[in-house]
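# Structure assessment
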Amino acid sequence: MSSSGRARVERLLELSRALLGEQRQALSERWHATTGLSPEGVAWALDHCLERAPSAAEIAALVATVPSARRAHVILPAQVFVAAQRALALALASAPQVFVRPSRRDPVLAQALAARGQGLFECVAELSVQPGDHVWAYGADLTLSALRAQLPAGAVLHAHGSGFGVAVVELTQAARLTDAARAIAEDVLCFDQRGCLSPRLVLALGQESQAHSFADTLAAALVEAGRRVPRGALSADERAEESWYRQCLACFAPILDSGHGSVSVRALELSLAASQGLAALLLPPAGRHLQIVPVERLDPALRGLERWLTSVGCATPELEARARALLPRARVVPLGRMQSPAFDGPVDLRADPGGELI
Amino acid sequence: MSVARSASDALHARVRRFALESLERKTPGESFAELALAIAEHQRAHNPVLARLWGQRALRFEDIPAVPADAFRLGRVACFDGGEDVARFQTSGTTGGAGVHFFRTLDTYRLLSVVWGRHQLLRASSAPRTVLGLAAPFEPERRSSLGFMMQEFMREFDGRALTGAGPFDPLEPGRWLLAPGALDLEALRRGAERAARLGEPVLLLATSFALSWLLEALAGGRVALPPGSVVMQTGGFKGHARSLDDAALADALCAALQLHRAQLIGEYGMTELSSQLYDGGFAQGREGQSVFVEPPWLRVTPVDPITLLPVADGELGLARFTDLANVDSSLAILTQDQVRRVEGGIVLLGRRSGASLRGCSLAAEALAGA
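Read on for an overview of the structure. (Residues numbered from 1 in each chain as written. Chains lettered and ligands numbered in written order. Predicted model: local features only at pLDDT ≥ 70, side-chain atom pairs only at ≥ 80, totals over all residues. Heavy atoms only, no water.)

## Looking at the layout of surface pockets
Empty space among the atoms becomes visible once a probe the size of a water molecule is rolled across them. Quantified by volume, the second largest pocket comes out at close to 510 Å³. Forming the boundary of the second largest pocket are 23 residues, of which E62(B), D63(B), I64(B), L308(B) and R320(B) lie nearest the centre. Elements that contribute at least two residues to the lining of the second largest pocket include exactly helix 9 (236–250) of chain A together with strand 12 (298–303) and strand 13 (316–323) of chain B. Top contributing element to the lining of the second largest pocket by residue count: helix 9 of chain A, with 4 residues. Looking at the lining of the second largest pocket, its residues break down into 12 nonpolar, 5 polar and 6 charged. (1 Å grid on protein atoms, 1.4 Å probe; cavity = no way out; pocket = protein on both sides within 12 Å on 5 of 7 lines; lining within 4 Å. Points joined across faces, edges and corners; volume = space filled by probe spheres on them. Helix = DSSP H or I, 4+ residues; strand = E, 2+ residues; numbered from the N terminus. Nonpolar A, V, L, I, M, F, W, Y, C, P; charged D, E, K, R; others polar.)

If you want it as structure tokens, here you go:
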């Protein structure tokens, strides 16, 4: 099964390359319309976040992460338009029969690949899950709970719930901070920070006074990144979320304008998240907003957020090693690479690879 | 006494005077806006949150900044230090931890909740009621603003022992009908019988959740409340919109307690406020709506969720409360509850949709066929 799974994944990647080779312009215009991303934002995501030629080792690793199944179903996310490719690859690696329900808001990539795929997988309006089928779903925790309740007994759910990324820097390493800020800005601008890998917080090892100085550097880097890749349109809900966030934040911290979004520094007790949930922290919403949280020690800060962390971008190899030891189920990468994880499995490694038997 | 404390005391006195004069239909000695500005100036001087929000800009009533309700669980929103706390009312904290509203005096809260409760629940009558709480007793730690208000209603609207001739005891058995895992149906029956014997109505103070529980406990049975009785129903309906489920609950309650819908009065309050709104009975407004009425010292302004500016009359907006009784915290509170201004008050229409964290979220539509 795994060799045929590998063949199906490779076929998908071929299709994707051919599709983008021939229709990139036309598809990009559609993505601009469906995602709200600026044309530059669409181009950036295609160039930096869509896997074009993963190595054989990566593909082998991806295939090895999934259990074999007779049929697989995929409920595609709406927030990250290129995510369809990896989600499809996982399902194809698992099963010869794959049914996909694309997002109604952004069905572009799945439908285009299905049209070229000649039966590789099938786009459907409604999923019909049977006992024994595997279902890959990506979404908010509440939404996944609702899905869990709807699936038949015997189905296997691969649920990838809410998550986000953090960047980690050392404020004492002043010479590296400008580069770190630029790299963080590039991680943030992808999908206008809608993805589950997008950094929302910057954990800054050092003093609060140093953090304020870094906030200026980071805001400048975001302004510069925004000139190259302007933020696209936010939905009415996202704009309301942004207004609420800014009004809440303004009660407790200065807000630096960073062109499209904002940067602020907050002394936060991150361990609160573990006991009270993320809402206790006032996490930045999508739209290129960042909070810098000065921390004395990395371990308790990361552990407090562990449940939600999909990705940790680190300014130095030493920080990477520490983060990797602390969070074996997060993607730990250098800054600037948070949105282009290896094609070796799901982007979100928190879930049990075997899935959850309903 | 510190300058801040004496200034706060003076403002509390002005608010109480304004409230009583307004309810007695006298022309208050100062306008809502004048009093609001005085309170806002006090808050800018003594509450770091308001100082940060408002900065050094000129003071104008229409520019008074609103503190989002979420801020109460993110930090301290108060004009005084923790050493002066006499109560720390907590939000339910179902998501994101509990918010806390700190009080250095409860005198204004007590007076205003009682006079407005009497006005709206008792139609300004001072005749005695048997007041029962379908709720857990107000705890000595003073964490529940609702519990505090219920206790004050028991004291002010009843004020007698339930049995015997002793003095009023807020914790007398039979007054509060909920305990962990238990609903005291017999105490409700005894309270109703006592009221009937005395020829007076019952005021039953309850949450929606507790009323649902009561219906389960009754299992189709009845406890007939005397004529003129009222049930004050608060909370429980998510976002406060009264839905079809609420209508079914209301009708079942009316049948079980022998009431009319007009005797089932909705209360809207929140921990971050010091004042409450009441409707005129279930679905008693125009077109069957439950229209919530503000007291004269509270104003609700529907605002645009993006600009946070007032919307046109009749349009849906987020509820922005300007509560003169919030002397020592924040005069203006912004919520994510959606409201519409209608004749006679506001209609509550649930919380604004939109998740706070949606990384890789599914559109809700995606689940429809799963």
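## Some points on helix 12 (residues 317–326) of chain A
Structural remark: α-helix, 3.6 residues per turn; residues separated by three or four positions point the same way. All names here are of chain A. Within the sequence span of helix 12, burial applies to L319, E320, A323 and L326. In a view along the axis of helix 12, the buried residues occupy a sector of 130°, so they form one face of it. In helix 12, the exposed residues that point more than 90 degrees away from the buried face are P317 and A325. For helix 12, the elements touching its buried residues are strand 6 (164–170), strand 7 (199–205), helix 11 (298–305), strand 11 (309–314) and strand 12 (331–334). (Buried < 20%, exposed > 50% of the residue type's maximum accessible area, 1.4 Å probe, protein only. Arc of directions from axis to C-beta. Contact = heavy atoms within 4.5 Å.)

## Let's talk about the nonpolar core
Within the largest apolar cluster, 77 residues are counted, with the highest numbers of intra-cluster contacts made by F121(A), V169(A), I184(A), F214(A), L218(A) and I292(A). Shared between two domains, this core takes at least three residues from each, and those domains are domain 1 (3–162) and domain 2 (164–334) of chain A. When sequence neighbours within four positions are dropped, the list of residues in contact with I292(A) reads V202(A), A204(A), A211(A), F214(A), A215(A), L218(A), V263(A), S264(A), V265(A) and R266(A). Formed by 57 residues, the second largest nonpolar core is a distinct cluster that contains V15(B), F138(B), F153(B) and F168(B). (Core = buried A, V, L, I, M, F, W, Y, C linked by side-chain atoms within 4.5 Å. Domains from an automatic or database assignment.)

## Details of the pairing of strand 10 (residues 289–295) of chain A
Residue and element names in this part refer to chain A. Across the 7 residues that make up strand 10, a large majority, 7, are buried. Of the two faces of strand 10, the one lined by H289, Q291, V293 and V295 and the one lined by L290, I292 and P294 are each fully buried. Bridge count for strand 7 against strand 10 is 5 bridges, and the pairing is parallel. Each bridged residue has a counterpart across the sheet, and for L205 the counterpart in strand 10 is V295. Inspection of the sheet shows strand 9 (residues 261–265) paired to strand 10 by 4 bridges, in the parallel sense. By the bridge assignment, V265 is partnered in strand 10 with I292. A crossover links strand 9 with its parallel partner strand 10, the connecting element being helix 10 (residues 271–276), and its sense is right-handed. (Pairing = 2+ DSSP bridges. Right-handed = clockwise from strand over helix to strand, strands pointing away.)

Geometric descriptors of this kind do not, in isolation, establish any biological role.
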